[in-house]
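# Remarks on the overall topology
The residues making up each chain are set out below.
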Amino acid sequence: MLAKYLMIGLIGFISLYMLIPSFLPRIIRFGAFRKGTTKNQVAFTFDDGPHPRYTPELLDLLQDYQVKATFFVLGSQAELHPDLIRRMDREGHQIGIHNYDHISNWLMLPWTVRRDHMKRTADIIESIIGKRPDHYRPPWGLMNAFDFFHPKSYRIVLWSLKAGDWRSRSCRKKLKATLLNGITDGSVILLHDSGDTPGADCHAPYFMLRALEEVLHQLQGRNLQFVRLDEMA
């Protein structure tokens, strides 16, 4: 009987601390921003960088097509590559937080997330560009119950279109079609400019960039406005 109650308690804890906070925003518009409401606006977002090889190439591509994007960076990578953070800011892109390391919030205590990941990364970014980030995307989009109670200065962001670009196979065969068919008014598109995180293919960003160049070329005729998340309603 005791084991039964312990199991029920464990299931309840997991549901309240992990599952409900992570999946509720995907079902209803609660706790996290997923999609804009303004016609013709589209937001490209890039996670896990900056990466010394792929991020400069991505920035060149965005500049060629006059696309403003939002980068959710890891604090550990920002420390290693402050020049890329400065370039993102200089070229008009938005910089957000993606934890210090790519660790799920499910595996950490609330104050660890806040102190060692969100605040630490915000401090690093502010020290580099003199601006404090106010948008936050948890790794894998997985939240715990306390993430909703972070200071109101942080806007939690998920996505409306996930293309699976962390896998080289998906990038080569499906990414272009997924983006062209899936992008619509208010889309928040999740892509990655680094493949060095757990579960990703290290060469996937190479194929993502090839596909993205073709996609941006074809999107030119759609009368879309590519905006930062802080410009999207």
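Provided above is the structure to which this section pertains.
Described in the following lines is the structure provided in the data block. (Residues numbered from 1 in each chain as written. Predicted model: local features only at pLDDT ≥ 70, side-chain atom pairs only at ≥ 80, totals over all residues. Heavy atoms only, no water.)

### Describing the side chain of D47
The topology assignment puts D47 in strand 1 (residues 41–47). Apart from the residues lying within four places of it in its own chain, the contact partners of D47 are F72, H98, R137, L190, L191, H192, D193 and S194. (Helix = DSSP H or I, 4+ residues; strand = E, 2+ residues; numbered from the N terminus. Contact = heavy atoms within 4.5 Å.)

### Some words on the nonpolar core
Ranked by internal contacts, the top residues of the largest apolar core, which has 40 residues, are F44, F46, F71, I183, L191 and L212. Residue assignment for this core shows that the elements contributing at least two residues are strand 1, helix 2 (54–64), strand 2 (70–73), helix 4 (82–90), helix 5 (110–129), helix 7 (175–182), strand 7 (188–192) and helix 8 (204–219). The residues touching F46, leaving out its near neighbours within four places in the chain, are L58, L62, A69, T70, F71, F72, L191, H192, D193, M208 and L212. Judged by nonpolar contacts, the second largest core, of 21 residues, contains F33, M108, A122 and W159. (Core = buried A, V, L, I, M, F, W, Y, C linked by side-chain atoms within 4.5 Å. Buried < 20%, exposed > 50% of the residue type's maximum accessible area, 1.4 Å probe, protein only.)

### Observations regarding a positive patch on the surface
Positive charge collects at one region of the surface, where K162, R167, R169, R172, K173 and K174 lie side by side. Counting residues per element, the positive patch draws most heavily on helix 6 (residues 168–173), which supplies 3 residues. Tracing the backbone through its elements, the reader meets R167 in the loop between strand 6 (161–162) and helix 6. (Patch = residues over 30% accessible without salt bridge, like charges linked within 9 Å, V, L, I, M, F, W, Y side chains within 5 Å. Areas by Shrake-Rupley, 256 points an atom, 1.4 Å probe, with all protein chains shown as cover. Salt bridge = Lys/Arg side-chain N within 4 Å of Asp/Glu carboxyl O. Lys, Arg positive; Asp, Glu negative; His and termini not counted. Charge placed at Lys NZ, Arg CZ, Asp CG, Glu CD.)

### Here we look at the side chain of D165
Of note, D165 is situated in the loop between strand 6 and helix 6. Of the side chains bearing the opposite charge, R167 lies closest to the buried D165, which forms no salt bridge; the N-O distance is 8.5 Å. In terms of polar contacts, D165 uses its side chain to reach the backbone amide nitrogen of H192, at 2.8 Å. Among all residues touching D165, those that are not within four sequence positions of it are C171, L175, L190, L191, H192, A204 and M208. (Polar contact = N/O pair within 3.5 Å; in protein donor to acceptor, adjacent residues only side chain to side chain.)

### Topic: the environment of G141
Structurally, G141 can be placed in the loop between strand 4 (135–136) and strand 5 (155–156). The exposure class of G141 is buried, given its relative accessible area of 0%. Considering only alpha carbons, one finds G141 and W159, 18 residues apart in sequence, at a separation of 8.7 Å.

### Remarks on helix 7
Taken together, the buried positions of helix 7 are L175, L179 and L180. Taken around the axis of helix 7, the buried residues stretch over an arc of 120 degrees, which confines them to a single face. Where the residues of helix 7 are buried, they touch strand 6, helix 6, strand 7 and helix 8. (Arc of directions from axis to C-beta.)

### Regarding the pattern of salt bridges
Under the definition given, this model contains 12 salt bridges. Of the charged contacts, one joins D47 and R137 as a salt bridge, the two residues approaching to 2.8 Å between their closest N and O atoms. Residue D47 is found in strand 1, and its partner R137 is found in the loop between strand 4 and strand 5; the two are separated by 90 residues along the sequence. Here R137 falls in the buried class, since its relative accessible area comes to 0%. Among the ionic pairs, E214 bridges to K176, the shortest N-O distance being 2.9 Å. Here the residue E214 occupies a position in helix 8, and K176 occupies one in helix 7, the gap between them amounting to 38 residues. Because the salt bridges share partners, they merge into one network encompassing K119, D123, E126 and R132.

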